[in-house]
Amino acid sequence: MEPAGIVIEKLAKMYARRGSEVHALKGIDLEVRGGEIFGLLGPNGAGKTTTVGVCTTRVKATSGRVTVNGIDVRADAPAVKRSIGVVTQFRTLDRSLTIRENLAMHAMYFGLHPKDAWVRADELLADFRLSERAGAFPDELSGGMAQRVQVARAIAHHPSVLFLDEPTAGLDPQSRLALWETIEGMHARGITVFLTTHYMEEAESLCDRVAIIDHGQILVLDTPQALKRSISAETVIELRLEAPNDALVERLRALPGVVSAQASGDAVRVLTASQDGVLPRILAEANSAGLKDMTMTKPTLETVFISLTGRDLRE
Amino acid sequence: MSSGSATLESSTLAPRARRAMYARAFYGLIRRDMRVARREAFQLSMRTIMNPFLFVFVFAYVFPKIGQQFQSGGGISFATIIVPGLIGSAIIFNGISAVALPLVMEFGATREIEDRVMAPLPTAAVAVEKIVFSAAQAVVAGLVVFPFVYLIPSTPVSVHVNNWPLLIGVFLLAGLVSSALGMAIGTVANPRQIGLVFALIVIPVTFLGCVYYPWARLHPILWLQILVLINPLVYISEGLRTALTPSVPHMHPWAFFGALLALFALLMWMALSGFLRRVID
């Protein structure tokens, strides 16, 4: 039996666009274990979609190797396609077919007998609460509903690995929560889920393990809890100031109990360890620079990303 | 949800299982196209029929009736000359449209081809299926046109099939060349250009495809007679002329079969490499 899951070794992808070279992936290594929900978190343009593209045989790697369930994606694309389900960022439902036909045809592409394919389509319509719209065409559906159909279609042939590229981008909060539930349902049935996202809440609440990617490189890979622990800060204090300046940031950094301090715009973000007296000392310094407002939060994956890159996830 | 999810696949497929997997996926794609074609049958048949119907009606029914006759020479009626040509142009027009129109949208705007590209068979086979299905559709279009061009003219139409295998061969090859040309167009054009592509390729191809005159008659305009040899419809028209109206001057079968086969090979290569370039980054 071949190992389940996805193994990515030294994967690089270079696009030649209008004479210049774009290095979308600069030699990444990842291992997604069978049965886990794995999140690839990063800002737009970090290389997430390219990674999924290579794993799903739609993008040719410049170098490196990817296996899905032990099958090399380059050597045997059809065998890989058989065992994966894919939801891309695009609305790729077949517009010439109804919702029910979209599901049944997909099942037929994967070898189901037509009679079984229609049964399977009805089963999925019921599971995804889509039965009422079975005869609708994709253009008649809301974004959230269309995305539900795409996920239903992606699992119609019982794949063992499911790829979701930015599955909740552009969805309303309710549809997003519904989709999270669906993903957890697949996880419970033992399907390996590889998802990309630039929403840190999504990665944090859904994923067993998360890799943070930026500029085509993997920065860290661990469980969300371990990643948050890794910055060894208990609290994130954001100070909005009238006159933030470098000298102030330097002074804040020097305070005992402060892990790091970083300016961005009119704000300074200070990470602190749990230590008595740290807050009054920070406030005293901040007041001297005209403190307007202050918020305190627990560290999130966003904090991890910022402390690694100095930038926000939101571009 | 039904059982059997998340089974582990083994890395190697037995050749037999692999062939079965490809065949079933191919069949699924055919079923999909059949369903769509059935849904659009009315629209498709109108698109197919209107041009030849009106053409035959005006030039082979109204013209003779009102005494405004074409001089076709050699005692052969104009109505007879245009039978193969109009069937040929129905085939090529439908072959191109059936592939190029949806493909341009699916590549450029909607990307809905992706689900078919993810079916478990080699990506090139997805393109081959599209060409094969559209070729069949084009052949049907040619057959649909036949009663119109045969029955409507008010002057005698003389059609004789001496060689059925030749006729079938020309029909099939004509369909395949047309849909391969359609895919070659569909993989290079984008949705905004499609009107332009039809104006610059499809219309000249049909007007200069020896539809309304046999190729041999072009001799007085030698440059045109040579220039139109790049047009696949010339060989389709001439082939159908040989098969359906042998009394009209026509090319030698070696010439049109050879040319159609060569064009098919060239267009197939362009179509498949274009398709792969569009779906795999």
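Structure first, text after, so check above.
Being a predicted model, the structure only gives us computed values, none of them experimental.

Caption draft 1: Summary view of the pattern of salt bridges. For the structure shown, the criterion picks out 26 salt bridges over all chains. For Asp94 of chain A, the salt bridge identified is with Arg32 of chain B, shortest N-O distance 2.7 Å. Of the two residues, Asp94 of chain A is situated in the loop between β6 (84-87) and α3 (99-109) and Arg32 of chain B in helix α1 (residues 15-39); the pairing between them involves two chains. We classify Asp94 of chain A as buried; its relative accessible area is 3%.

Caption draft 2: Molecular detail of the interface of chain B and chain A. Facing 41 residues of chain B, the contacting portion of chain A comprises 55 residues. Of the roughly 4,100 Å² buried at the junction of chain B and chain A (both faces included), carbon and sulfur atoms supply 57%. Counting the contacts that link chain B with chain A gives eight salt bridges. The partner of Glu101 of chain A in a salt bridge is Arg39 of chain B, with the nearest N and O atoms 2.7 Å apart. The interface formed by chain B and chain A includes 15 residue pairs in polar contact (both at pLDDT 80 or more). Listed by contribution, the elements that provide at least two residues to the side of chain B that touches chain A are α1 and α4 (114-117) of chain B.

Caption draft 3: Molecular detail of the environment of Leu227 of chain A. Residue and element names in this part refer to chain A. Position of Leu227 relative to the elements: it lies in helix α8 (residues 224-230). Separated by 201 residues in the primary sequence, Leu227 and Lys26 have C-alpha atoms spaced 22 Å apart. Ignoring sequence-local partners within four residues, the contact set of Leu227 consists of Val210, Val220, Leu221, Asp222, Leu301 and Val304.

What counts, and at which threshold
Per-chain numbering applies: the sequence of each chain, read as written, is numbered from 1 onward. Labels are handed out in written order, letters beginning with A for the chains and numbers beginning with 1 for the ligands. Reporting of local features is limited, given that this is a predicted model, to residues whose pLDDT is at least 70; pairs of side-chain atoms are given and counted only at 80 or more, and all residues count toward the totals for whole chains, interfaces and linings. Side-chain metrics rest on all non-hydrogen atoms present in the structure, leaving aside hydrogens and water. Between Lys or Arg on one side and Asp or Glu on the other, a salt bridge is scored when a side-chain nitrogen of the former is within 4 Å of a carboxyl oxygen of the latter. Each helix is a run of DSSP H or I of at least 4 residues and each strand a run of E of at least 2, with the numbering of both proceeding from the N terminus. Between buried and exposed lies partly exposed: a residue is buried under 20% and exposed over 50% of the maximum accessible area for its type, with that area taken using a 1.4 Å probe on protein chains only. Throughout, a residue-residue contact means that at least one pair of heavy atoms, one from each residue, lies within 4.5 Å. When two parts are brought into contact, each loses some accessible area as probed by a 1.4 Å sphere; the total of that loss over both is the buried area. Any pair of N or O atoms that falls within 3.5 Å is considered a polar contact. Within protein, one atom must be able to donate a hydrogen and the other to accept it, and sequence-neighbouring residues count only if both atoms are side-chain atoms.

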